[in-house]
Amino acid sequence: MFPTPIQKTSLTTQLVYRLGLPLAMLVWLLPIIAVAMTSIRGGADLSTGNYWGLPTEWRLVENYTAVFSKTPLAAYIINSFLVTIPTVIGAVGLACMAGFALGIYRFKLNMLVFFLFVGGNFVPFQILMVPVRDLSLRLGLYDTITGLALFHIAFQSGFCTFFMRNFIRELPRELIEAARVEGASEIQIFFKVVLPLVRPAVAALAVLVFTFIWNDYFWATVLIQGNHAMPVTGGLKSLNGMWVAQWHLVSAGSIVAALPPVLIFFMMQKHFIAGLTFGATKG
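Residues numbered from 1 in each chain as written. Predicted model: local features only at pLDDT ≥ 70, side-chain atom pairs only at ≥ 80, totals over all residues. Heavy atoms only, no water.

(A) Representation of the environment of T233 in the model. By secondary structure assignment, the location of T233 is in helix α12 (residues 232-235). In this structure, the C-alpha to C-alpha distance between T233 and R106, residues 127 residues apart in sequence, is 42 Å. For T233, the residues in contact, after removing those within four places along its chain, are W214, N215, D216, Y217 and A220. (Helix = DSSP H or I, 4+ residues; strand = E, 2+ residues; numbered from the N terminus. Contact = heavy atoms within 4.5 Å.)

Next comes the structure, spelled out in structure tokens:
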């Protein structure tokens, strides 16, 4: 009955979208562009305040070569992998098992246990800093890759369990009951029925956790002190010289450090999107 107002609203929305999206993208990419440009500048540009103009001296190969030959960036990246990969495996694996128990079984304390997992996500990490550091010292895990990975697994398990429980709960219970009637054990149901069905959700969760842990700076600096176990996020600050700020090396190291999660996302993009939209079309 009212085609004209609807058409005007649609055109206005499209115009705002077409103008606003590139602007928002430019604002979001501006810091990344600045870091990328700084990573290929010479030290003279930075000392003279040339932060946004074209570099007077292009040092793409020199800066990216120096960040590996003159700094321990490669060791920091290896440490990040040693922390991130076990954390992803441990947190996602525990979350799948806990999500299976909370999503499939019905028992009196089900919701209480679930709320404990959820409630832990609302505790600020800053409050836990001192007790967690003291606990790591008592357990002999302070300043170790093992300790950092174990604490990451503990901290990520709450969110991961919340994530997986909701997906597993949406599975048709008829499939579970049919498997039980066929004589399948609970372990067989978990591995052969549930996990294959929630594989997209597991992939999406793995990408999220990998990104969270790789980019973590807070716990990396709280629980790690020496370079032998320092992840790349905490190690980037050491790329500056003691007396001279080497922002071109810090910027080059930042670009290199950002590549693994970006590559993981693009490699797993199909599974990531499938996991986030899993069950969205159920009636």
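(B) How the structure looks around the packing of aromatic side chains. Counted by the stated rule, this structure contains 16 aromatic pairs. Residues F125 and F155 carry aromatic rings whose centres are separated by 5.6 Å and whose planes lie at 45° to one another, so their mutual orientation is tilted. Of this pair, F125 sits in helix α6 (residues 125-138) while F155 sits in helix α7 (residues 145-169), and the two are 30 residues apart along the sequence. Pairing F218 with W219 gives two aromatic rings, centres 5.0 Å apart and planes at 80°, and the pair type is edge-to-face. For F218, a relative accessible area of 24% gives the class partly exposed. For W219, a relative accessible area of 2% gives the class buried. Through a chain of ring-to-ring contacts, three or more aromatic side chains come together here, namely F125, F151, F155, F218 and W219. One cation-aromatic arrangement involves R133 over Y142; the distance from NZ or CZ to the ring centre is 4.9 Å. (Phe/Tyr/Trp six-rings, centres within 6.5 Å; stacked < 30°, edge-to-face > 60°. Buried < 20%, exposed > 50% of the residue type's maximum accessible area, 1.4 Å probe, protein only. Lys NZ or Arg CZ within 6 Å of the ring centre and 35° of its normal.)

(C) Spotlight on the packing of helix α3 (residues 60-69) against helix α13 (residues 247-267). Two elements in contact, α3 and α13, have axes whose closest approach is 9 Å; the angle formed by their N-to-C orientations is 80°. Here α13 runs roughly perpendicular to α3, going by the angle between their axes. Residues N63, Y64, A66, V67 and F68 of α3 form the contact with α13, whose own contacting residues are H248, L249, A252, G253, I255 and V256. Taken together, the residues that form the contact of α3 with α13 break down as eight nonpolar, three polar and no charged. (Axes fitted to C-alpha atoms, helices over the stretch in contact; angles between N-to-C directions. Parallel < 35°, antiparallel > 145°, perpendicular 65-115°, else oblique. Nonpolar A, V, L, I, M, F, W, Y, C, P; charged D, E, K, R; others polar.)

(D) Examining the pattern of salt bridges more closely. For the coordinates displayed, the defined rule picks out four salt bridges. The residue E57 makes a salt bridge to R59 at a minimum N-O spacing of 3.2 Å. Residue R180 is joined to E186 by a salt bridge in which the shortest nitrogen-to-oxygen separation is 3.1 Å. Owing to a relative accessible area of 30%, E186 belongs among the partly exposed residues under this scheme. Residues participating in the shared-partner salt-bridge network are R173, E177, R180 and E186. (Salt bridge = Lys/Arg side-chain N within 4 Å of Asp/Glu carboxyl O.)

(E) Here's a closer look at a nonpolar patch on the surface. Where nonpolar side chains cluster on the molecular surface, the patch consists of L23, L26, V27, L30, I33, Y51 and W52 and spans about 740 Å² of accessible area. Note on placement: L23 falls in helix α1 (residues 3-38). Look at L23 and you get exposed, because its relative accessible area is 54%. (Patch = residues over 30% accessible without salt bridge, like charges linked within 9 Å, V, L, I, M, F, W, Y side chains within 5 Å. Areas by Shrake-Rupley, 256 points an atom, 1.4 Å probe, with all protein chains shown as cover.)

(F) Here's a closer look at the nonpolar core. With 50 residues, the main nonpolar core has M164, I168, V194 and V232 as its most contacted residues. Residue assignment for this core shows that the elements contributing at least two residues are α4 (73-104), α7, α8 (173-181), α9 (186-197), α10 (199-214), α11 (218-223) and α13. With 11 residues, the top contributor of residues to this core is α4. Leave out the neighbours within four places in its chain, and M164 touches A95, C96, G99, V198, A201, V202 and L205. (Core = buried A, V, L, I, M, F, W, Y, C linked by side-chain atoms within 4.5 Å.)

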